[in-house]
Amino acid sequence: MRKNIVAGNWKMNKNLQEGIAFAQELQVAIADNDKVKCEVIISTPFIHLASVSAAIDTKKINVAAQNCADKASGAYTGEVSAAMVASTGAKYVILGHSERRSYYGETDAILKEKTVLALANELKPIFCIGETKEERESNKHFDVVKTQIENALFELSAADFGKIVLAYEPVWAIGTGLTATSAQAQEMHAFIRKTIADKYGKEVADNTSILYGGSCNPGNAKELFSCPDIDGGLIGGASLKVADFMGVIAGME
Ligand code: PEP
């Protein structure tokens, strides 16, 4: 069956020393808390991956990158390949975050290449999808999300698709303090699972973890995570302090 996961996305926050200290503090908090009912992931800036992985027990906390290149290697100054990410000990990579799509022009076609390279290097993508406010208000949200999934992921084999974690992140809820209601989130998660079932069958769909992201915090995590098709969260702001992140993790019962 699918896993429950709570993944923190630090974005461009924390220097190396702060990142290591956070990871070690989180490890202690998790060890002291027998109520942790999910896999825990922290997604650090590239430059922290190796040091953070070395500073903690990565069987207890998994480490993720926030991106990887759409090329395998070569003359791409400033880029970081999936193979390089994997060599640090990271097991996951966030792909298609709305900030990457909107600020850095990442298209479905680029994300398709990144996904293939991540999988070829045994990294599990946490693949983000989600509609803008305008798209929801014009009732295009289901079509938008379906197209994002189809364009980037539906040429994968069922075996490869089975390695993907999806994160539904309505763009209007990211970093805004506006959260999708649990009814809105559940409705979209059920739609995503049906979209997967129609393509790959019920077993693959039932085994796919679909996370919610968008202003999830200790106060709303429990209600969101109790929805039948919500398997955890991708957490931005509330992943930057251990107490907040533990509060979100405690929402998974
Ligand atoms: C995110 O950036 O993935 C995210 C969900 O951010 P926040 O929790 O701050 O809305």
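Residues numbered from 1 in each chain as written. Predicted model: local features only at pLDDT ≥ 70, side-chain atom pairs only at ≥ 80, totals over all residues. Heavy atoms only, no water.

### Remarks on the site of the ligand
Consideration 1: Residues in close proximity to the ligand total 14 residues, the closest being K11, H97, E169, G175 and S215.
Consideration 2: Separating an oxygen atom of the ligand from a backbone N or O atom of S215 is a distance of 2.7 Å.
Consideration 3: Between G236 and the ligand, the recorded distance is 2.8 Å, taken from a backbone N or O atom to an oxygen atom.
Consideration 4: The protein chains hide 96% of the 290 Å² of surface that the ligand would expose on its own. (Near = heavy atom within 4 Å. Polar contact = N/O pair within 3.5 Å; in protein donor to acceptor, adjacent residues only side chain to side chain. Areas by Shrake-Rupley, 256 points an atom, 1.4 Å probe, with all protein chains shown as cover.)

### Regarding unusual backbone geometry
Consideration 1: One non-glycine residue, K14, lies in the positive phi region at around 80 degrees.
Consideration 2: You can see K14 is positioned in the loop between β1 (5-9) and α1 (16-31).
Consideration 3: On the basis of relative accessibility, which here comes to 21%, the residue K14 falls in the partly exposed class.
Consideration 4: Phi at E122 is positive, roughly 60 degrees, even though this residue is not glycine.
Consideration 5: Its relative accessible area of 70% is what places E122 among the exposed residues. (Helix = DSSP H or I, 4+ residues; strand = E, 2+ residues; numbered from the N terminus. Buried < 20%, exposed > 50% of the residue type's maximum accessible area, 1.4 Å probe, protein only.)

### Things to note about the side chain of S215
Consideration 1: Tracing the backbone through its elements, the reader meets S215 in the loop between β7 (210-212) and α11 (221-225).
Consideration 2: Residue S215 is classed as buried on the basis of its relative accessible area of 17%.
Consideration 3: There is a polar contact of 2.8 Å between the side chain of S215 and the backbone nitrogen of G177.

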